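Chain by chain, the residues:
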Amino acid sequence: MARMPSAERRRQLVAAAVRVMARDGVGRATTRAICAEAGVSLSVFHYCFDSKQALLEAAIESITGSYVTRVMSAVEPKGTLRETVRTALGSYWEHVTAHPAEHMLTYELTQYALREAGFEHLARAQYTQYVASATTLVEQVCAARGVVPKVPVEVMARLLAAVIDGLTLQYLVLGDERAAEALLDATADHLVTLIEG
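The following paragraphs examine the structure supplied in this document. What you see as residue numbers is a count from 1 along each chain, following the sequence as written. With pLDDT at 70 or above as the cut-off, local features in this predicted model cover only qualifying residues; side-chain atom pairs require 80 or more to be listed or tallied, and sums for whole chains, interfaces and linings still use all residues. The side-chain quantities take in all heavy atoms of the structure and omit both hydrogens and water.

**A short note on the overall build of the protein chain**
Inference 1: Strands here mean DSSP runs of E at least two residues long; helices mean DSSP runs of H or I at least four residues long; both are numbered from the N terminus. Helix and strand content of the protein chain: nine helices and zero strands.
Inference 2: Element order for the protein chain, N to C, with α for helix and β for strand: α-α-α-α-α-α-α-α-α.
Inference 3: If you line up the protein chain on its principal axes, its C-alpha atoms span 55 × 35 × 30 Å.
Inference 4: Buried positions account for 43% of the 197 residues belonging to the protein chain. Under the scheme applied here, a residue whose accessible area is under 20% of the maximum for its type counts as buried, over 50% as exposed, and between as partly exposed, the area being computed with a 1.4 Å probe on protein chains only.

**Details of the packing of helix α1 (residues 6-24) against helix α6 (residues 100-115)**
Inference 1: Think of each axis as a best-fit line through the C-alpha atoms, taken over the contacting stretch in the case of a helix, with angles from 0 to 180 degrees between the N-to-C directions. Closest axis-to-axis distance for the α1/α6 pair is 9 Å, and the angle between their directions is 90 degrees. Here α1 lies roughly perpendicular to α6, going by the angle between them. In this structure, α1 contributes Val 18, Met 21 and Ala 22 to the contact, and α6 contributes Ala 101, Glu 102, Leu 105, Glu 108 and Leu 109.
Inference 2: Polar here means any residue other than Ala, Val, Leu, Ile, Met, Phe, Trp, Tyr, Cys and Pro, which are nonpolar, and Asp, Glu, Lys and Arg, which are charged; Gly is therefore polar. Tallied by class, residues from the contact of α1 with α6 come to six nonpolar, no polar and two charged. Should an angle fall under 35 degrees it is taken as roughly parallel, and over 145 as roughly antiparallel, whereas 65 to 115 is taken as roughly perpendicular and any remaining angle as oblique. Contacts are residue-level and defined by heavy atoms, with any inter-residue pair within 4.5 Å sufficient.

**Notes on the nonpolar core**
Inference 1: For the purposes of this section, nonpolar cores are sets of buried Ala, Val, Leu, Ile, Met, Phe, Trp, Tyr and Cys residues that join through side-chain atoms within 4.5 Å. In terms of nonpolar packing, the biggest core is built from 65 residues, with Leu 13, Met 21 and Leu 137 touching the most fellow members.
Inference 2: In terms of residue count, the dominant contributor to this core is helix α4 (residues 52-74) (10 residues).
Inference 3: When residues no more than four places from it in sequence are discounted, the contact partners of Leu 13 are Ile 34, Cys 35, Ala 38, Val 40, Val 44, Phe 45, Cys 48, Phe 49 and Leu 55.

**Description of the packing of aromatic side chains**
Inference 1: Side-chain rings of Phe, Tyr and Trp (the six-membered ring for Trp) are treated as a pair once their centres are within 6.5 Å; stacked means planes under 30 degrees apart, edge-to-face means over 60, and tilted covers the remaining angles. Scanning the entire structure with this criterion turns up five aromatic pairs.
Inference 2: An angle of 70 degrees between the planes, with centres 5.4 Å apart, marks the rings of Trp 93 and Tyr 171 as edge-to-face. In this pair, Trp 93 sits in helix α5 (residues 81-98) while Tyr 171 sits in helix α8 (residues 153-174), placing the two residues 78 residues apart along the sequence. Accessibility assignment for this pair places Trp 93 and Tyr 171 in one class, buried.

**Structural notes on the pattern of salt bridges**
Inference 1: A carboxyl oxygen of Asp or Glu within 4 Å of a side-chain nitrogen of Lys or Arg is what we treat as a salt bridge. Applying the stated criterion across every chain, the model contains nine salt bridges.
Inference 2: Arg 23 is paired through a salt bridge with Asp 24; the nearest N and O atoms lie 3.3 Å apart.
Inference 3: Under the relative-accessibility criterion, Arg 23 is labelled exposed at 52%.
Inference 4: Note that Glu 37 is salt-bridged to Arg 23, the shortest N-O span being 3.2 Å. You can see Glu 37 sitting in helix α2 (residues 31-38) and its partner Arg 23 sitting in helix α1, a full 14 residues away along the chain.

**As for the environment of Lys 52**
Inference 1: Inspection of the secondary structure assignment puts Lys 52 in helix α4.
Inference 2: The partly exposed category is assigned to Lys 52, whose relative accessible area is 22%.
Inference 3: Separated by 77 residues in sequence, Lys 52 and Gln 129 place their C-alpha atoms 20 Å apart.
Inference 4: Residues contacting Lys 52, with those up to four places away along its chain left out, are Val 26, Ala 29, Thr 30, Thr 31, Phe 45 and Tyr 112.
Inference 5: Here a polar contact is recorded for every N or O atom pair within 3.5 Å, except that within protein the pair must consist of a potential hydrogen donor and a potential acceptor, and residues adjacent in sequence are included only if both atoms are side-chain atoms. Within the structure, the side chain of Lys 52 is placed 3.0 Å from the backbone oxygen of Ala 29, a separation counted as a polar contact.

**Thoughts on α8**
Inference 1: Multiply 1.5 Å by the residue count of a helix minus one, and that product is the helix's expected span. For α8, with 22 residues, the first-to-last C-alpha span of 31 Å sits near the 32 Å given by 1.5 Å per residue.
Inference 2: Within α8, the full set of buried residues consists of Met 156, Ala 157, Leu 160, Ala 161, Ile 164, Asp 165, Leu 167, Thr 168, Tyr 171 and Leu 172.
Inference 3: If you follow the buried residues of α8, they end up packed against α5, α6, α7 (120-145) and α9 (177-196).
Inference 4: Once α8 finishes, Gly 175 follows within two positions and takes phi at roughly 65 degrees, a positive value.

In structure tokens, the structure reads:
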């Protein structure tokens, strides 16, 4: 096994954990299965992480961070505020439709964390991060367009996080792309109304 910095090994294990959990479910994602996926020994896992809980937390942070990076890179001033908002939402949505198993995993991680004693804080951290991500999105959209929102950013961020969460789950269950696109349009319209007053 090639020597590699511990930070890189951690990233390797997190990526393997996400693949295993998306493919097999959280319940089957044993440390042994994750190590096999990553091509490392169990001793490497224990060197990089104190526990499976720590690995799950890193996986949640990695997945959420990936979404944030993707959306933030799409926040550019367009012709109108509405186009700017819709393009950013569309960037997230492209990932949902391209990687549904990964998004399904986020819901499974939430349920797992809520049901397993000692893991509850992971679900709270996950949803706190969703709101933080939505806050960053709203702030960046407003900055890109040079507008001051009429409704508090925190209110819009919590609403946006709740709507996107529900919309993603609805799409994963029903698979109706046309309905999802219509709801994304409505979400963009609503955010513009909240921002402009």
